[in-house]
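Understanding the architecture of this molecule
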Amino acid sequence: MKKKQLGILAALGLSAALVLSACGSGSSSDSDGSSEKEEEYKFLSIVTGGTTGTYYALGGTLAQIIKTETGVDTTAEVSQASAANMTALKDGKAEIAFVQTDIAFYATAGEFMFEGEAIDSISAIGALYPETVQLVTISKTGITSYDDLRGKKVSVGAPGSGTFANAEQLLEIHGMSMDDIEAQNLDFGESQESIQSGQIDAAFITSGTPTGAVESLNALSEVVIVPVEDAKADELLEKYPYYAKETIPAGTYGMTKEVPTVSVLAMLAVSNELPEDLVYDITKAIYENTDKIMHPKGEFIKAETALDGIDIDVHPGAQKYFDEAGVGK
């Protein structure tokens, strides 16, 4: 009888050990899963742009929202903007980045400034606000259409920049190339000064409106933004789907009429290494707290338009949030 009781107790002991072992294994797995989010990612870095730009100002606000809503310490970092930000994500120097939608596409496709160096380790969180492609001149140049650019001195931004690619594509749609103009590689401030002094005739400037450099030009001269007519915009969007139609409102830069043009979008890209649940939380934090964004561009940040102009893969965590919110691409 005692042997039988001992046998029963031994069997119960073995069963209990197995149960405890299973529970311990499950606990370890859960711990590992949470550690990836809570321990490995106790800190997140968002690369933005220069300290005077929209990316940096808005990045600080988004970093605070993410920190408050997810508990993960998040900081906005100064950077050289879009192209450099893609490289920072690839090299593991940041987890989240501000970037133009077209630059994100070039990075993943290995085109333009990323030719032969495609980045396959990034995906999208979502779009934020439009960055308008502005072909800027002043009234005394007499330039009112793209055809008027032939033979003129035009700033097209630095080679490899987003502005340069925008200029090249807009010229292409209008039946021209860089060979049809005297291209100048100037930044926005240099473009403003050179138009004002008569050293150049026009400049491509891709930026959220109103743009400081163009406002400075308007303080001294009558600014003209050359329109992109609707048919040409349709043609551009057909070939380069990361663009969108855009209208610069009357009153901007003192203009009496609205001007049709096109835009790319500012967006957030993310390293594919970030776990799905963390990116889900980040996406939810941003798009459900837009009322806390005091920056003027905050009015454009909406879940329902977050997938507009996105031509790269969306991170599974972000996609999960948009699926729950009923947002389709």
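Residues numbered from 1 in each chain as written. Predicted model: local features only at pLDDT ≥ 70, side-chain atom pairs only at ≥ 80, totals over all residues. Heavy atoms only, no water.

What follows covers the packing of helix α9 (residues 276–287) against helix α10 (residues 316–324). Look at α9 against α10: their axes get within 7 Å of each other, and the N-to-C directions meet at 50°. Relative to α10, the element α9 lies oblique. Once α9 is placed against α10, the crossing between them reads as right-handed. Residues E276, V279, Y280, T283, K284 and Y287 of α9 form the contact with α10, whose own contacting residues are P316, G317, A318, K320, Y321, F322 and E324. Here the contact of α9 with α10 is built from residues that sort into seven nonpolar, two polar and four charged. (Axes fitted to C-alpha atoms, helices over the stretch in contact; angles between N-to-C directions. Helix = DSSP H or I, 4+ residues; strand = E, 2+ residues; numbered from the N terminus. Parallel < 35°, antiparallel > 145°, perpendicular 65-115°, else oblique. Left-handed = near helix turned anticlockwise from the far one by under 90°. Contact = heavy atoms within 4.5 Å. Nonpolar A, V, L, I, M, F, W, Y, C, P; charged D, E, K, R; others polar.)

Summed over all chains, the structure comprises 12 aromatic pairs. Ring geometry for F105 and Y242: centres 5.4 Å apart, planes at 40°, overall tilted. Of the two residues, F105 is situated in helix α4 (residues 101–109) and Y242 in the loop between α8 (230–239) and β9 (244–248); the sequence distance between them amounts to 137 residues. Measuring from centroid to centroid gives 5.5 Å for Y287 and F322, while their planes differ by 65°, and the two rings are edge-to-face. Placement of the pair is Y287 in helix α9 and F322 in helix α10, with a sequence separation of 35 residues. Each member of the pair Y287 and F322 is classed as buried. Grouped by ring-pair contacts, the aromatic residues F105, Y106, F112, Y240, Y242 and Y243 constitute a single cluster. The side chain of K320 reaches across the aromatic face of Y280, ending 5.0 Å from its centre. (Phe/Tyr/Trp six-rings, centres within 6.5 Å; stacked < 30°, edge-to-face > 60°. Buried < 20%, exposed > 50% of the residue type's maximum accessible area, 1.4 Å probe, protein only. Lys NZ or Arg CZ within 6 Å of the ring centre and 35° of its normal.)

Its boundaries defined by the atoms lining it, the largest pocket holds a volume of some 1000 Å³. Lining the largest pocket are 40 residues, and of these A81, E131, F188, T206 and S207 sit closest to its centre. Those elements that place two or more of their residues in the lining of the largest pocket are α2 (54–70), α3 (82–90), β4 (122–138), α5 (162–173), α6 (188–197), β7 (202–207) and α7 (212–218). In terms of residue class, the lining of the largest pocket is made up of 14 nonpolar, 22 polar and four charged. (1 Å grid on protein atoms, 1.4 Å probe; cavity = no way out; pocket = protein on both sides within 12 Å on 5 of 7 lines; lining within 4 Å. Points joined across faces, edges and corners; volume = space filled by probe spheres on them.)

Let us look at the environment of M176. Within the secondary structure, M176 sits in the loop between α5 and β6 (182–184). Under the relative-accessibility criterion, M176 is labelled buried at 6%. Spatially, the C-alpha atom of M176 lies 9.0 Å from that of Y146, the residues being 30 residues apart in sequence. Once you skip the residues sitting within four places of it in the chain, M176 turns out to touch Y146, D147, R150 and L171.

Residues with a pLDDT of 70 or more make up 88% of the protein chain, whose mean pLDDT is 88. Across residues 1–36, where pLDDT falls below 50, the model places five contacts with residues more than four positions away in sequence or in other chains. (pLDDT = per-residue confidence, 0-100.)

It is worth spelling out unusual backbone geometry at this point. Keep in mind that most residues, glycine aside, have a negative phi and that most peptide bonds are trans. T209 connects to P210 through a cis peptide bond whose omega is -5°. Topologically, P210 is positioned in the loop between β7 and α7. Even without a glycine there, the phi angle at A81 is positive, about 75°. Tracing the backbone through its elements, the reader meets A81 in the loop between β2 (73–77) and α3. With phi around 50°, F112 is a residue other than glycine that occupies positive phi space. Among the secondary structure elements, F112 is positioned in the loop between α4 and β4. When its relative accessible area of 33% is taken as the criterion, F112 is described as partly exposed.

A regular strand places its side chains on the two faces of the sheet in alternate fashion. Counting buried positions along β7 gives six out of six residues, so the element sits mostly inside the fold. Summarising the sheet, β4 and β7 pair through five bridges and their orientation is antiparallel. Counted as the bridge partner of T132 is S207 from β7. In terms of strand pairing, strand β5 (residues 153–155) meets β7 through two bridges, oriented parallel. When the sheet's bridge partners are listed, V154 is paired in β7 with A202. (Pairing = 2+ DSSP bridges.)

Where burial is concerned, most of strand β10 (residues 259–271) is hidden: 12 out of the 13 residues are buried. The pairing of strand β3 (residues 96–100) with β10 spans five bridges and is classified as antiparallel. Bridging across to β10, I96 finds its partner in V270. In the sheet, β4 pairs with β10 via 10 bridges, with the strands oriented antiparallel.

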